[in-house]
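Next come the chains, spelled out residue by residue.
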Amino acid sequence: MSHAIMQLSRSVTLQHVAPHVAWVTMDRPEARNAVDSEIAEGLEQAVALTEAHPDVWCTVLTGAGEQAFCAGADLKIIAAGEVARLSTQRGGFAGFVRQPRRKPWIAAVNGFALAGGTEIALACDMIVAADHATFGLPEVQRGLVAAGGGLYRLTRAIPHALAIELILTGAHLPALHAKEIGLVNHVVPMAELHAHALALAQRICANAPIAVRESLAVARAAFDHDEQTLQHLSADAMAIVVNSNDYKEGPRAFLEKRAPRWSGT
């Protein structure tokens, strides 16, 4: 994957911005990056490409401009009765929220992340937000429900009673408050957002990629299984890691007092 910008659809771009880091942008700033068929198709393709490329170990997802990460579903499409255009068969809403991913994704939230925008951010593994960013699930204010994972992912991410309040009132959640309650990992000035998200991705990519992927898989499963099942999943993850070249490289690099040279094999 080259450093050139790849146009995956009319509204989604992908670029390899640093060693092992891909950068995906939802690019409909005139519509606050609201989800339409072009974004859904583009994000589905972005996941497929980053998953398949052995040199991509982590991906950052953001929106074009400084006004909005994603304002949710394009309400013009919903009003026209064409809601199917907002999803793909494999990825679900926005081509993203249900699509299987083994590698970590970081949401770099550069403004409003409302309704489906919050759902896309919640479907990522970590969130870095600009200090003017805002989250929320206001679907009930439009006679809708947050069917793209927001109803259960928000309830898992923050205190239950607060999640219920936000879901039933449609209230907005400012970035700083979102960080205080654990929804957001980092809040930074807008001018520092991209650099901060990239630095986080690079810190992840300094580690063995197979170990990162296997650790992430077990951590993602933590809400869905009992202790015994999670112990088995952890043992399976360790078995995969033990059979990798990187399992030998890590201790060797430590003993030789040098940075490890991960191969991802």
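If you're wondering where the values come from, they're calculated on a predicted model, not measured in any experiment.

Engineer: For this particular structure, what's the right way to read the pattern of salt bridges?
Structural biologist: Where charged atoms from two side chains of opposite charge approach closely, those side chains can pair. The full count for this structure, using the stated rule, is 11 salt bridges. In this structure, E38 and R10 form a salt bridge, with 3.8 Å as the shortest nitrogen-oxygen distance. Taken together, the positions of E38 in helix 1 (residues 37-52) and R10 in the loop between strand 1 (6-9) and strand 2 (12-18) put the pair 28 residues apart, joining distant regions of the chain. The salt bridge partner of E82 is R85, with a shortest N-O separation of 2.7 Å. One continuous salt-bridge network, built from bridges that share partners, spans R28, E30, D36 and D74.

Engineer: Where do I start with the packing of helix 3 (residues 116-123) against helix 4 (residues 150-157) in this structure?
Structural biologist: Running from N to C, helix 3 and helix 4 cross one another at 55°; their axes reach a closest spacing of 10 Å. By the angle between their directions, the pair helix 3 and helix 4 is classed as oblique. You can see that helix 3 and helix 4 cross each other, and the crossing is left-handed. Packed against helix 3, whose contacting residues are E119, L122 and A123, the element helix 4 presents G150, R153, L154 and A157 at the interface. Considering only residue class, the contact of helix 3 with helix 4 consists of 4 nonpolar, 1 polar and 2 charged.

Engineer: How should I be thinking about the sheet that holds strand 1 in this particular structure?
Structural biologist: What links the strands of a sheet is backbone hydrogen bonding, and the strands pair in either a parallel or an antiparallel sense. Strand order in the open sheet formed by 7 strands is 1-2-3-4-8-10-13, and the pairing between neighbours is mixed. The strands lining the two open edges of the sheet, one partner per strand, are strand 1 and strand 13 (186-188). Direction aside, the axes of adjacent strands within the sheet are offset by 25° on average. Relative to strand 4 (residues 58-63), strand 3 (residues 21-26) runs parallel, the two being bridged by 6 bridges. From the neighbouring strand, M26 faces strand 4, where its bridge partner is G63.

Engineer: It is not clear to me how the nonpolar core should be interpreted in this structure. Could you clarify?
Structural biologist: If you look at soluble globular proteins, the nonpolar side chains tend to sit buried side by side. L61, F69, F96, V109, I120 and F135 are the most contacted members of the largest nonpolar core, which has 48 residues in total. Among all residues touching F96, those that are not within four sequence positions of it are L43, V47, L61, G91, R101, W105, I120, A123 and C124. Membership of the second largest hydrophobic core comes to 20 residues, among which are A18, I106, A108 and C205.

Engineer: Can you walk me through the sheet that holds strand 12 (residues 172-174) in this structure?
Structural biologist: Overall, mixed pairing links the 4 strands, which are arranged 5-9-11-12 in an open sheet. Whereas interior strands pair on both sides, the edge strands pair on one side only; in this sheet they are strand 5 (68-70) and strand 12. Strand-to-strand twist in this sheet, taken as the mean axis angle between neighbours without regard to direction, amounts to 20°. Two strands pair when backbone bridges link them, and strand 9 (residues 112-114) and strand 11 (residues 134-136) are joined in this way by 3 bridges, in the parallel orientation. Considered in strand 11, the bridge of A113 is made with F135.

Cut-off values and rules
- Residues numbered from 1 in each chain as written.
- Predicted model: local features only at pLDDT ≥ 70, side-chain atom pairs only at ≥ 80, totals over all residues.
- Heavy atoms only, no water.
- Salt bridge = Lys/Arg side-chain N within 4 Å of Asp/Glu carboxyl O.
- Helix = DSSP H or I, 4+ residues; strand = E, 2+ residues; numbered from the N terminus.
- Axes fitted to C-alpha atoms, helices over the stretch in contact; angles between N-to-C directions.
- Parallel < 35°, antiparallel > 145°, perpendicular 65-115°, else oblique.
- Left-handed = near helix turned anticlockwise from the far one by under 90°.
- Contact = heavy atoms within 4.5 Å.
- Nonpolar A, V, L, I, M, F, W, Y, C, P; charged D, E, K, R; others polar.
- Pairing = 2+ DSSP bridges.
- Core = buried A, V, L, I, M, F, W, Y, C linked by side-chain atoms within 4.5 Å.
- Buried < 20%, exposed > 50% of the residue type's maximum accessible area, 1.4 Å probe, protein only.

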